[in-house]
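# Structural overview for review
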Amino acid sequence: ADIPVVELDGVVHAVTAAHVVQAIDRADADGAPLLVIRIDTPGGLDSSMRQIVDRMLNCRTPVAVFVGPSGARAASAGFVIAVAADVAAMAPGTNIGAAHPVAAGGKEIDKTMSEKVVNDMASYGRGIAQEKGRNGEWVERAVRESVSITAEEALDKKVIDLVAADLDDLLKQLDG
C-alpha cells in the first residue's frame, strides 16, 4: 500500500502546521495504512505544535514520526510532536529534546508567566508521553531542563520506539 510521507523541515509555524494537518486529513480520507512525518526542526510556535499534535491524537490513520536523516533533530515543538506519534523513530546521528519553552521574538516574560508556561508544557508533554507508553519523566526533564539525547539514548530511555537507518528501514521494521 502507498504510505504517504509529509516533510516537516524547519521551524514549526502556522504554514508548516497547515501542511502537516492537511496531510493527516488526506491520509484519513484516503484510508492510508500509515502516515509518516519526517521531521527535522529546531522547534517553533506552541499553537502550531498543538494543532499538529491534536490532529495526530484524533485521527484514524496511525502516525509515525521519523527524525531523519542523520544529522536531523526534533527539538522543542518537534520533540513534543515526535512524542505524540503512534510510532516514534529516529535515524542514527540524530537528537531529540531541548523543549524548554521560550518567548517568541526574544521578548522577556516575567517569572510567574514563565513558570506557568513551563508547567503547562511539562504536564502536556508528560501526559502525551504516558498515553503513548513513553517515558513521561524524561519528557518532563526535556521541558524543564532543556536536555537533549541521541537516538540510541532515546531508545534506551523509552522516549522513542525504534532506530531506523532511513524511511525504507523504518517501513521494513514496521511491516506486519
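The coordinates are above.
What you see is a predicted model, and the numbers here were worked out from it, not measured in a lab.

A separate point is the pattern of salt bridges. In total, this model carries eleven salt bridges according to the counting rule given. Close ionic contact of Asp-9 with Arg-38 constitutes a salt bridge, the shortest N to O distance being 3.1 Å. Of this pair, Asp-9 sits in strand β1 (residues 5-9) while Arg-38 sits in strand β2 (residues 35-40), placing them 29 residues apart in sequence. Residue class for Arg-38 comes out buried when judged on its relative accessible area of 9%. Its salt-bridge partner being Asp-120, residue Arg-50 comes within 2.6 Å of it at the nearest N-O pair. One end of the pair, Arg-50, is in helix α2 (residues 46-57); the other, Asp-120, is in helix α4 (residues 111-131), with 70 residues separating them in the sequence. Several salt bridges converge on common partners, so that one network encompasses Glu-7, Asp-9 and Arg-38.

On to the sheet that holds strand β7 (residues 148-150). As summarised here, the arrangement of the three strands in space is β4-β6-β7, forming an open sheet in which the pairing is mixed. Strands at the two margins of the open sheet, each flanked by one partner only, are β4 (73-75) and β7. In this sheet, neighbouring strand axes are inclined to one another by 20 degrees on average, regardless of whether the strands run parallel or antiparallel.

All right, on to the environment of Gly-133 then. Within the secondary structure, Gly-133 sits in the loop between α4 and α5 (136-145). With 30 residues separating them in the primary sequence, Gly-133 and Val-163 have C-alpha atoms 17 Å apart.

The subject of this paragraph is α4. Taking 1.5 Å of rise per residue, the 21 residues of α4 would be expected to cover 30 Å, and the 30 Å separating its terminal C-alpha atoms lies within 8% of that figure. For α4, the complete set of buried residues consists of Val-118, Met-121, Ala-122, Tyr-124, Gly-125, Ile-128 and Ala-129. The buried residues of α4 occupy one face: seen down the axis, they fall within an arc of 165 degrees. Exposed residues pointing more than 90 degrees away from the buried face of α4 are listed as Thr-112, Lys-116, Gln-130 and Glu-131. Packed against the buried residues of α4 are α2, α3 (77-83) and α5. Among the residues trailing α4, Gly-133 stands out with phi positive, at a value near 75 degrees.

Conventions we followed
- Residues numbered from 1 in each chain as written.
- Predicted model: local features only at pLDDT ≥ 70, side-chain atom pairs only at ≥ 80, totals over all residues.
- Heavy atoms only, no water.
- Salt bridge = Lys/Arg side-chain N within 4 Å of Asp/Glu carboxyl O.
- Helix = DSSP H or I, 4+ residues; strand = E, 2+ residues; numbered from the N terminus.
- Buried < 20%, exposed > 50% of the residue type's maximum accessible area, 1.4 Å probe, protein only.
- Pairing = 2+ DSSP bridges.
- Axes fitted to C-alpha atoms, helices over the stretch in contact; angles between N-to-C directions.
- Expected span 1.5 Å × (residues − 1).
- Arc of directions from axis to C-beta.
- Contact = heavy atoms within 4.5 Å.

The analysis is restricted to geometry; functional conclusions fall outside its scope.
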